[in-house]
Amino acid sequence: MRRTTQIGCACGQTRLEVQGSPILVSECLCNSCRAAAGRLATLPGAKNTLTSYHATPAAEYRKDRVHILSGAENLKEFRLSPTAGSRRVVATCCNTPMFLEMKGAHWLSLYLHLWPEAQRPKAELRTMTSDLADRSGLPADMPNLKTHTVAFYGKLLAAWIAMGFRNPKIAVGGTIDV
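These notes cover the structure that comes with them. (Residues numbered from 1 in each chain as written. Predicted model: local features only at pLDDT ≥ 70, side-chain atom pairs only at ≥ 80, totals over all residues. Heavy atoms only, no water.)

### Focus: the overall build of the protein
In terms of helices and strands, the protein carries 2 helices and 10 strands. Start at the N end of the protein and walk to the C end: the helices and strands fall as β-β-β-α-β-β-β-β-β-β-β-α. Here the C-alpha atoms of the protein give a radius of gyration of 15 Å, agreeing with the 16 Å that 2.2 N^0.38 yields for 178 residues. Expressed as lengths along the three principal axes of its C-alpha atoms, the size of the protein is roughly 40 × 40 × 35 Å. Within the span of the protein, comprising 178 residues, buried residues form 48% of the whole. A sequence separation of at least 24 residues applies to 63% of the contacts in the protein between residues at least 6 apart. Accessible surface for the protein amounts to roughly 8900 Å². Of this, 55% is attributable to carbon and sulfur atoms. (Helix = DSSP H or I, 4+ residues; strand = E, 2+ residues; numbered from the N terminus. Rg over C-alpha atoms; globule rule 2.2 N^0.38 Å. Buried < 20%, exposed > 50% of the residue type's maximum accessible area, 1.4 Å probe, protein only. Contact = heavy atoms within 4.5 Å. Areas by Shrake-Rupley, 256 points an atom, 1.4 Å probe, with all protein chains shown as cover.)

Shown next, in the form of structure tokens:
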């Protein structure tokens, strides 16, 4: 039997269950993740989800291993622009960013702040550090990769193969503008 973990928004109305271990746990420093986090932090009651060095920590999970337990009606999508391929999904009950979904992806990047601190998965690497003007302020506690690596994509491909090349859809109830 696979281990399950319940995670959720700040107020507890929107709850997810994840099964098993993540594909990967990382911190992204790309321009779009940093811009989106900055804009989402301006929502009423929202908290800044970036680390002190402006990374977005997330656990990549297969979509078929993420289940909405409660609060589905609170989930709304945010896109950096109308044509953006990726969307961030926010629980509007308390304006907690929940996850990032890339267009066509078979995985979700679940934001690490959803886990209680004692259960929070540990990041294995930082990626997209090449988007930073100055990388010298990054901690040296894990690899600080300039881009995504072949190993990164290999883990995602292995997960997709294990899913039988399926890509479950995650429905949300509308959009938010920030």
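### Things to note about the sheet that holds strand β9 (residues 107-111)
Judged by pairing direction, the sheet is mixed, and its 7 strands sit side by side in the order β6-β7-β8-β9-β4-β3-β10 without closing on themselves. Across the chains shown, the open sheet's two edge strands, defined by having one partner strand only, are β6 (75-78) and β10 (125-127). Direction aside, neighbouring strands of the sheet carry axes that sit 35° apart on average. Of the pairings in the sheet, the one linking strand β8 (residues 96-101) to β9 comprises 2 bridges and is antiparallel in character. Opposite leucine 100, over in β9, you have serine 109 as the bridge partner. Strands β3 (24-28), β4 (56-62), β6, β7 (87-91) and β8 of the sheet are contacted by helix α1 (residues 31-40), whose axis makes an angle of about 25° with β7. (Pairing = 2+ DSSP bridges. Axes fitted to C-alpha atoms, helices over the stretch in contact; angles between N-to-C directions.)

### Concerning the pattern of salt bridges
Taken as a whole and assessed by the stated rule, the structure comprises 9 salt bridges. Taking the shortest distance from any N to any O, the salt bridge between glutamate 101 and lysine 63 comes out at 2.5 Å. Residue glutamate 101 is located in strand β8, and its partner lysine 63 is located in the loop between β4 and β5 (66-70); the two are separated by 38 residues in the primary sequence. Judged by its relative accessible area of 9%, glutamate 101 falls in the buried class. (Salt bridge = Lys/Arg side-chain N within 4 Å of Asp/Glu carboxyl O.)

### Focus: the pairing of β6
Here β6 shows a buried face lined by Leu75 and Glu77 and a second buried face lined by Lys76 and Phe78. Pairing between β6 and β7: 4 bridges, direction antiparallel. By the bridge assignment, leucine 75 is partnered in β7 with alanine 91.

### Concerning the packing of aromatic side chains
Within this structure, the stated rule accounts for 3 aromatic pairs. When the ring of phenylalanine 152 is compared with that of tyrosine 153, the centres are 5.6 Å apart and the planes differ by 90°; the resulting orientation is edge-to-face. Take phenylalanine 152: its relative accessible area is 10%, and that puts it in the buried class. In this structure tyrosine 153 comes out as partly exposed when scored by relative accessible area, which is 47%. (Phe/Tyr/Trp six-rings, centres within 6.5 Å; stacked < 30°, edge-to-face > 60°.)

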